[in-house]
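# Structure assessment
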Amino acid sequence: MPRSVNSVAKRARRKKVLKQAKGYFGRRKNVWTVAKNAVDKAMLYSYRDRRAKKRNFRSLWITRINAGARQHGMSYSQFMGSLKNNGIELNRKVLADLAMNHPEAFAAIVKQVK
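Keep in mind the model is a prediction, meaning the values are calculated, not measured.

## Re the pattern of salt bridges
Applying the stated criterion to the full structure yields two salt bridges. Residue Asp40 pairs with Lys36 through a salt bridge whose shortest N-O separation is 3.5 Å. Note that Asp40 and Lys36 are positioned in helix α2 (residues 32-71) at a spacing of four residues, about one turn of the helix. On the basis of relative accessible area, Lys36 is assigned to the partly exposed category, the value being 35%. The salt bridge partner of Arg48 is Asp49, with a shortest N-O separation of 2.9 Å. Arg48 gets classed as partly exposed once you look at its relative accessible area, which sits at 46%. Residue Asp49 is classed as partly exposed on the basis of its relative accessible area of 36%.

What follows is the structure, given as structure tokens:
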């Protein structure tokens, strides 16, 4: 009995990976073994960095809030503690946007919590 191979599925799998590797440089885009490794690594990076992006943005927001608070004579930790004690529930994303783009609104918040 002849050996049964599923060439249709194999070709489809390889086409899928080569399509994902479109735009890569050199052999990474058209040689199956190299492209497979490149796509696997890219998928790992994308999975990891979707989580890292959240950390990076939180860090950026904290830096911006700290800079805005220090212009009004408070540190970041004092400012956030005062916000919590006064029951103002604005998240860091909104506070950073206010500090960056609407300094008068941010100044009013700082004045309220002082």
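Now that the structure has been shown, the text picks up again.
## Quick notes on the environment of Gly87
Here Gly87 lies in the loop between α3 (76-85) and α4 (92-101). Linking Gly87 and Lys16, residues 71 residues apart in sequence, is a C-alpha distance of 53 Å.

About the cut-offs
Residues numbered from 1 in each chain as written. Predicted model: local features only at pLDDT ≥ 70, side-chain atom pairs only at ≥ 80, totals over all residues. Heavy atoms only, no water. Salt bridge = Lys/Arg side-chain N within 4 Å of Asp/Glu carboxyl O. Helix = DSSP H or I, 4+ residues; strand = E, 2+ residues; numbered from the N terminus. Buried < 20%, exposed > 50% of the residue type's maximum accessible area, 1.4 Å probe, protein only.

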